[in-house]
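Listed here are the chains, written in short residue letters.
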Amino acid sequence: FETREEKLTDEHSVGRVQPHFVAVADTHAWNYQAIAFAEKKLGAFVEKIYDSPPTLEKSDKNGGKYFTWTAKDGRKAFALVIDSLIYFGNDETAIDKCLAVKRGEADNIAKTGKVSPADPKTLASGYVSTDGIAQISNIIGLKFASEAGEDSEVRSAIAGLLPQLLRGSITEISWTATKTTQGIEDRYKVMTSPEITRVFSETFAAANSVDSTLLGFVPNDSATVTQYNLRNPQVAWRSFLLMAQKLSDPISGKLITTFANSLFEPYGFKDGELFLGSVEPNIITVKLDGDDQIAVIFKNRDRDKLVKAYDETFRRTIGTTFEASGPGFDGMGASGDPDLLVKCFQAQQSGNNAKTDSRFTDKSGNMPFARTKGLDSDSAWHIAEVLSEKKSDDSKAESTYFTETRFTKTGMERKTTSDFGLIGSIIAQLAQD
């Protein structure tokens, strides 16, 4: 990833991130057919991405046919067709490195043992090395910093701290996509350092039981619902904070607690650890389409401690909290946006809620500590836009996804089942770009 800073004024800059890539495709066709595909189909793709007809130069190079497309603003794309293989990228040196591997002048990634041969049922697979984690961490830090508000000190702290935490905790990531009867299943295995693996596999262990009562307060039209099922939520959160502080420098470590508590502020709590220590293992967060319409649903086991965890001004605001009573509802409470809390109560009264979704109560196999169900209102639209011409601005197509997250003896595992999968998300990005 090539990163650079473009100065706009003395106080403001824009960060640019340019990935350098090469895609290698075996066409299983005659070489002349591969050449025709590269010139016509890849040329059309480059024109769409660069939003203008590029100039094309063709030459004979490295024993094959070489194509260079140049956009009006100077951006370039390259392709080499040789022995029915197509090398396509935005960096000539990346193609040269692949050719060096093909000639046996450099080791290929298969020799590392990190990338296994694909299972016949696997649609796609991927791998991110330790060095790749380091580079991507910097980009993630910049992204979250840019979304952190107007305070420059906060943005700077996030841009420096988040990459440091990611690099210190994650070593590798692998991914596979398969087709199932429920949709496309994306599985991510995040390898963590031995110490983190040992600690988190214990502290983020799932509780043996799932309280389906709380699901009765979740509206079916919720944009995102996450069910946390931790054996001890307070211990899990405390272990996360302590590990984050250990991976950071002393100054950043002091900021972590402040940042951590800010995650609980939208739900009305000033002390996140105190809140987690006052509730039962099952906790549900709900979000509607608006970023401000969020709520948390729980059962308290220490009401005095729960009251102390609240921000007093928030708790005294009418409609921001409610408690249910009656058989099975003892200690049940919710906190968050008043309008959403009304919908949560109505969902329980009407029976139109998430309680009927068996995926939230499934106990088969290794229980996850978190399950998330969400609605995606954009991907289907953008994927269709990439693959065909837009025929209407009024059409809507919602897709759903369901994610399970667990910690194992090797790291974190995350499984997401959706209509289009990660590949669909990548295609949708082309339309958004």
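What you are looking at is a predicted structure, and each value in this text was computed from that prediction instead of being measured.

Asks: An account of the pairing of strand β10 (residues 183-192) is requested, with residue identities and associated values reported.
Replies: Pairing of strand β9 (residues 170-180) with β10, which is carried by ten bridges, proceeds in the antiparallel orientation. Directly across from T176, in β10, lies its bridge partner R187. Linking two consecutive strands that pair antiparallel, namely β9 and β10, is a turn of two residues. Pairing of β10 with strand β18 (residues 411-418), which is carried by eight bridges, proceeds in the antiparallel orientation. For D186, the partnering residue across the bridge sits in β18 and is T416.

Asks: Please set out empty space enclosed by the protein residue by residue, giving values where relevant.
Replies: Tallied over the full model, the rule gives one cavity of 30 Å³ or more. Roughly 50 Å³ of internal volume is contained in the largest cavity. Looking at the lining of the largest cavity, the elements with two or more residues in it are β10 and β18. Here the lining of the largest cavity is composed, by residue class, of one nonpolar, no polar and six charged.

Asks: Tell me about the packing of aromatic side chains, and please be specific about residues and values.
Replies: Applying the stated criterion across every chain yields a total of 21 aromatic pairs. Seen in terms of ring centroids, F67 and W69 are 5.8 Å apart; in terms of plane orientation they differ by 10°. Their pairing is stacked. Summarising the burial analysis for this pair, F67 and W69 share the class buried. Arranged with centres 5.6 Å apart and planes meeting at 25°, the rings of W237 and F240 form a pair that is stacked. One end of the pair is W237 and the other is F240, both in helix α6 (residues 233-247) and three residues apart, which spans about a single turn. Among the aromatic residues, those joined into a cluster by ring pairs are W237, F240, F264, F269, F275, F298 and Y310.

Asks: Give a description of the side chain of T68 that names residues and reports values.
Replies: Examined against the element boundaries, T68 turns out to sit in strand β5 (residues 64-70). Judged by its relative accessible area of 12%, T68 is buried. Apart from the residues lying within four places of it in its own chain, the contact partners of T68 are T55, L56, E57, K76, A77 and F78.

Each value, and the rule that gives it
- Residues numbered from 1 in each chain as written.
- Predicted model: local features only at pLDDT ≥ 70, side-chain atom pairs only at ≥ 80, totals over all residues.
- Heavy atoms only, no water.
- Pairing = 2+ DSSP bridges.
- Helix = DSSP H or I, 4+ residues; strand = E, 2+ residues; numbered from the N terminus.
- 1 Å grid on protein atoms, 1.4 Å probe; cavity = no way out; pocket = protein on both sides within 12 Å on 5 of 7 lines; lining within 4 Å.
- Points joined across faces, edges and corners; volume = space filled by probe spheres on them.
- Nonpolar A, V, L, I, M, F, W, Y, C, P; charged D, E, K, R; others polar.
- Phe/Tyr/Trp six-rings, centres within 6.5 Å; stacked < 30°, edge-to-face > 60°.
- Buried < 20%, exposed > 50% of the residue type's maximum accessible area, 1.4 Å probe, protein only.
- Contact = heavy atoms within 4.5 Å.

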